[in-house]
Amino acid sequence: MNVRGFLIRWRVMVIIYLYFFVLSLLCCTFAKYNMKTKTTNYRWVICGMLFFATTINYMDRQVLSLTYPGMIENEFHWDEAMYGTITGVFSIVYAAAMLFAGKFIDMVGSKKGYLWAIGIWSTGACLHAVCGIGTELLTGCGDLKSPEMLQLAAGSKMALAIGTVSVWMFVGARCILAIGEAGNFPAAIKVTAEYFEPKDRAFATAVFNSGCSIGALIAPFAIPLLAKFYGWEMAFIIIGGLGYIWMGAWVFIYSPNPHINDNHKDVSVSYGKVFRMREAWALFLCRLVSDGGWWFFLFWTPMYLSTEFGIKPTDTEGMVLIFVLYLITMLSIFGGRVPNIFIRKGRSPFQSHIMSMFIFACIPLLGLLAQPAGQFFHSPWAPIVLIGVLGASHQSWSANMFSVVSDKFSSASTATVTSLSGAFGGVSNFLLNIIAGYLFTYAGKTDMVFMGFTGKSAGYMIMFCWCALAYLIGWTLLKLLMKKEEK
């Protein structure tokens, strides 16, 4: 890249950032006025901030998966096992950070805790951009994008050196991203408990949690285009930099809820007490079983389309397919309304959330048809639609599970309990991604057969089967271990 072109691209990026920063300040000024005049509506302004944070969170996660096929994959000579290792390490570090993120947020408060979280993960996201430079310096291979380097024979000494060094460079950046992102949901659930009554929390959670789908919806269009025209490095920098804009708005817009109920001002419980609670273990084991499915589809869907149908994320059809997938997941916003049906019939918020979770545990069974439908119709559209339905169900499931946490624990402890349960969800993600990476590599080399599918197709069928059944297993564990409410 020449110096003039580099400076022009940075100018464009700075102008975009300044535009969004000024826009966010105007929105914050309006929000502050709204708080003084209509306090009851201000909670939705706060919910909107949680929504935007979650949107940025999921966009940062997806940059790697959307730039890997055909770009990073070729430049660094990776295979599925290497990619699976990176996503797996991200997951286990995310899980480990979850052990401390919630307690930290409960200690410093929602405002400072959220600032620390998004500041760390935005920095980690931007650091991915220097992994290529670091690999070149450490291996002494010269320009990785040169035709000579791109055409290195697979398995050659230089290709292995580049692959190994680059994997560890990305692992480092990914670890920083994971540490920061571990604070997003504990902080968001804590703020929701501060601003919303139990009967409204599932819907509020569904609203901000829909940021996952919006982030995943925007990403397949924005990220491949940024990577195509400006390079994959700039995609990481531009998307990662959005978090800093959010931080400026959060400093100005957030203030503690002056109308918080007295019963929400309890003292945070210790780790020891949490681990002795049966309700906590019900949540932990439920997330250990069920969380991995969503993360699998988030990280591996672009690879699935590339492997099974030859469609890359930079292809127009690839962008449209992933867009449609996450557009379908937006149906999850209605999942937050389902508990109100049971509440109106006299059920408690806790019972209503549990009953809603059962509904959303059954819907993923449709995922069993994804791989057969793709093969039968020789088209990616049927599996994409079914995966989208599964994703919508997962997000609705998550909204109600987060609400179960605030049903059973005080707002002073929700971040701690949410983060500990999230740690178990991170372990689920770690195991599923590591298994997936090695499963696909093994299946491709051995032409493994499973349920009539051969090679990597058999591997995907195995993963779809687990993702479809995991929610019912998780709900059963939750139902068996969670104590019934006293009448």
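A brief report on the enclosed structure follows.

**A closer look at the overall build of the protein**
Secondary structure assignment for the protein yields 20 helices and two strands. With 487 residues in all, the protein has 59% of them scored as buried. In the protein, of all internal contacts separated by at least 6 residues, the share reaching a separation of at least 24 is 84%. Summing over all exposed atoms, the protein offers an accessible surface of approximately 19700 Å²; the carbon and sulfur share of this is 70%.

**Overview of helix 4 (residues 110-127)**
For helix 4, which comprises 18 residues, the first-to-last C-alpha distance of 26 Å matches the rise-based estimate of 26 Å (1.5 Å per residue) to within 8%. By the burial criterion, the buried members of helix 4 are Ser110, Gly113, Tyr114, Leu115, Ala117, Ile118, Gly119, Trp121, Ser122, Gly124, Ala125 and Cys126.

**Focus: the environment of Phe334**
Along the chain, the position of Phe334 falls in the loop between helix 14 (316-329) and helix 15 (338-344). According to the relative accessible area criterion, Phe334 is exposed, its value standing at 57%. C-alpha of Phe334 to C-alpha of Ser396: the two residues are 62 residues apart in sequence and 7.7 Å apart in space.

**Brief notes about the side chain of Thr67**
Examined against the element boundaries, Thr67 turns out to sit in helix 2 (residues 39-76). Here the side chain of Thr67 touches Val63 through a polar contact of 2.7 Å, landing on its backbone oxygen. Once residues lying within four places of it in the same chain are set aside, the contact partners of Thr67 are Ile72, Ile223, Ala227, Trp232 and Phe236.

**Points about the packing of helix 17 (residues 370-377) against helix 20 (residues 456-481)**
Relative to each other, helix 17 and helix 20 sit at 140°, their axes nearing to 8 Å. For the element pair helix 17 / helix 20, the angle class is oblique. Contacts from Ala370, Gln371, Pro372 and Gln375 of helix 17 reach helix 20 at Ser457, Tyr460, Met461 and Phe464. Broken down by class, the residue content of the contact of helix 17 with helix 20 amounts to five nonpolar, three polar and no charged.

**Quick notes on the pattern of salt bridges**
The full count for this structure, using the stated rule, is five salt bridges. Note that Glu233 is salt-bridged to Lys145, the shortest N-O span being 3.4 Å. Here Glu233 is found in helix 10 (residues 232-253), whereas its partner Lys145 is found in the loop between helix 5 (131-139) and helix 6 (147-150), with 88 residues between them in sequence. Taking the shortest distance from any N to any O, the salt bridge between Arg287 and Asp291 comes out at 2.7 Å. There is no split in this pair, since Arg287 and Asp291 are both buried. One network of salt bridges, with partners in common, ties together Glu75, Lys145 and Glu233.

**Here we look at the nonpolar core**
Counting residues in each nonpolar core, the largest one holds 145 residues, and the members touching the most others are Trp78, Trp250 and Phe296. Ranked by residues supplied to this core, first place goes to helix 2 with 17 residues. Those residues within four positions of Trp78 in sequence are excluded, and the remaining contacts are Leu64, Tyr68, Ile72, Glu73, Ile86, Gly163, Ser166, Val167 and Phe170.

Criteria and thresholds
Residues numbered from 1 in each chain as written. Predicted model: local features only at pLDDT ≥ 70, side-chain atom pairs only at ≥ 80, totals over all residues. Heavy atoms only, no water. Helix = DSSP H or I, 4+ residues; strand = E, 2+ residues; numbered from the N terminus. Buried < 20%, exposed > 50% of the residue type's maximum accessible area, 1.4 Å probe, protein only. Contact = heavy atoms within 4.5 Å. Areas by Shrake-Rupley, 256 points an atom, 1.4 Å probe, with all protein chains shown as cover. Expected span 1.5 Å × (residues − 1). Polar contact = N/O pair within 3.5 Å; in protein donor to acceptor, adjacent residues only side chain to side chain. Axes fitted to C-alpha atoms, helices over the stretch in contact; angles between N-to-C directions. Parallel < 35°, antiparallel > 145°, perpendicular 65-115°, else oblique. Nonpolar A, V, L, I, M, F, W, Y, C, P; charged D, E, K, R; others polar. Salt bridge = Lys/Arg side-chain N within 4 Å of Asp/Glu carboxyl O. Core = buried A, V, L, I, M, F, W, Y, C linked by side-chain atoms within 4.5 Å.

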